[in-house]
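Structural features, examined
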Amino acid sequence: MATTAPLSTSLPGSERRQRGWHRTISPLALLLTWQLASTTRLLPAETLAPPTAVFDALWTMVTDGRLADAVGISVQRVAAGFALGASVGILLAILAGLSRTAENAIDPPMQMLRTLPHFGLLPLFVLWFGIDETPKIALIALGVAFPLYVNTVGGIRGVDPKFLDTARVLGLSTRDRLRQVILPSALPSILIGLRLSLGVAWLSLIVAEQINTTSGIGYLVSDAASFGRTDEVVGGLLIYGLLGLATDALVRFIERKALQWRLG
C-alpha cells in the first residue's frame, strides 16, 4: 500500500527563497509605477514626492543622525507599550480561560472596552497622564492588550479535552497542565494575537506621536508636513511600515521555530 508523507509547516529553503522573491514583484512594480507617474507629471511632486526624492530625504536623515535617534525613541515606546499591554492581556486571558468565575468577572469589561475606539481615548489619556511619554505608552498598551486577550482565550478554550483528561490521569498539577498542555496547544492562537497586536502597536504609535511630541518618527513626519516636505513625510511613513514588517517577520520566524511539531 502506498503511503503519503505528511506535509511540514516549513518549506524547503529553495522554495521559501522563491516565494520570497515572488512577494517582492508587486512592491517593485508599485515603486516603478509611482516613479513613472512622477516623471511624467501625472503625479505632481507637490502632491506626492517621487521615490527617488523620498530615498534622498531618507539618506539625508540617516547621514545627519536624525533618523537613527527618531527610530530609537519610537522603538522604545513600542517596546514599553507592548510589554505592558501583552503582560496584562495574556495574564487576564489565562485567568479567564482557566476559570468560569474569572471569565464572568473579566470578559464583560474587556469586551466593552474592546469596542471603544481606543484612538479616541488619547485626549483623555493626556488629561490623566500629562503630555510626556506616559499617554503614548498607555495608548500602545491598550491597543496591544485586546488582540492578545481575545486570541489567547480562544486558544485556551480550544484545547482538546482529551489532552486535559490525559493530564489529569497522569496526575499533573494545575501549573504543569498549564505549562505542558494548555499553553503549547494554545500557542498558534497566541502567536496570531501577537502578530495582530504588533500591528496595532505601530498604528497606535503613529497616532500617539502626532500629538504633543518633540521626538520620534512621528515628530519628523509632523515637522516635515508643516513645511510641505512630502518627501520626508512619505519617508517617515515608509519607516513606520518597514518597522512593522520587521516585527511581523520576527513573529513569523518564531512561529516557524515554535510550531515545527505541527503537521499539515
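Located above this text is the structure these notes cover.
For the structure given in this document, a descriptive report is provided here.

1. Here we look at the overall build of the protein chain
- Of the regular secondary structure elements, the protein chain holds 11 helices and zero strands.
- Of the regular secondary structure in the protein chain, the N- to C-terminal order runs α-α-α-α-α-α-α-α-α-α-α.
- Of the contacts formed within the protein chain by residues at least 6 apart in sequence, a portion of 72% connects residues at least 24 apart.

2. Some details on the nonpolar core
- Judged by nonpolar contacts, the single largest core of 40 residues is most densely connected at V144, L194, I217 and I239.
- When residues of this core are traced back to their parent elements, those giving at least two are helix 3 (51-63), helix 4 (66-98), helix 7 (133-157), helix 9 (174-208), helix 10 (217-226) and helix 11 (230-258).
- If we skip the residues at most four places from it in the chain, I239 touches L58, L67, V71 and I217.

3. Considerations on the side chain of E255
- Relative to the elements of secondary structure, E255 occurs in helix 11.
- Among buried Asp, Glu, Lys and Arg side chains, E255 stands out as unpaired, with R195 the closest opposite charge at 4.1 Å.
- Setting aside anything within four residues of it in sequence, one finds E255 in contact with L191 and R195.

4. Looking at the pattern of salt bridges
- Taken as a whole and judged by the stated rule, the model has nine salt bridges.
- Within the structure, one salt-bridge network assembled from shared partners comprises D64, R66, R229, D231 and E232.

5. Notes on the environment of S38
- Along the chain, S38 turns up in helix 2 (residues 25-39).
- On a C-alpha basis, the gap between S38 and T52 in space is 9.8 Å, while along the polypeptide they are 14 residues apart.
- With near-sequence residues (within four places) excluded, S38 lies in contact with L43, L48 and P50.

6. Structural notes on the packing of helix 9 against helix 11
- For the pair helix 9 and helix 11, interaxial distance at closest approach is 10 Å and the crossing angle is 170°. Taken together, helix 9 and helix 11 sit at an angle that is classed as roughly antiparallel. For the pair helix 9 and helix 11, the contacting residues are L187, L191, L194, R195, L198, W202, L205 and I206 in the first and Y240, L243, G244, T247, D248, V251, R252, I254, E255 and A258 in the second.
- Here the contact of helix 9 with helix 11 is built from residues that sort into 12 nonpolar, two polar and four charged.

7. Here's the deal with the packing of aromatic side chains
- Scanning the model with the defined rule gives three aromatic pairs in all.
- Look at W128 and F129: their rings are 6.2 Å apart centre to centre, the planes differ by 85°, and that puts the pair in the edge-to-face class.
- Since its relative accessible area comes to 56%, W128 is described here as exposed.
- Overall, the relative accessible area of 37% leaves F129 in the partly exposed class.
- Following the ring pairs from residue to residue traces out a cluster consisting of F125, W128 and F129.

Cut-offs used in this document
Residues numbered from 1 in each chain as written. Predicted model: local features only at pLDDT ≥ 70, side-chain atom pairs only at ≥ 80, totals over all residues. Heavy atoms only, no water. Helix = DSSP H or I, 4+ residues; strand = E, 2+ residues; numbered from the N terminus. Contact = heavy atoms within 4.5 Å. Core = buried A, V, L, I, M, F, W, Y, C linked by side-chain atoms within 4.5 Å. Buried < 20%, exposed > 50% of the residue type's maximum accessible area, 1.4 Å probe, protein only. Lys, Arg positive; Asp, Glu negative; His and termini not counted. Salt bridge = Lys/Arg side-chain N within 4 Å of Asp/Glu carboxyl O. Axes fitted to C-alpha atoms, helices over the stretch in contact; angles between N-to-C directions. Parallel < 35°, antiparallel > 145°, perpendicular 65-115°, else oblique. Nonpolar A, V, L, I, M, F, W, Y, C, P; charged D, E, K, R; others polar. Phe/Tyr/Trp six-rings, centres within 6.5 Å; stacked < 30°, edge-to-face > 60°.

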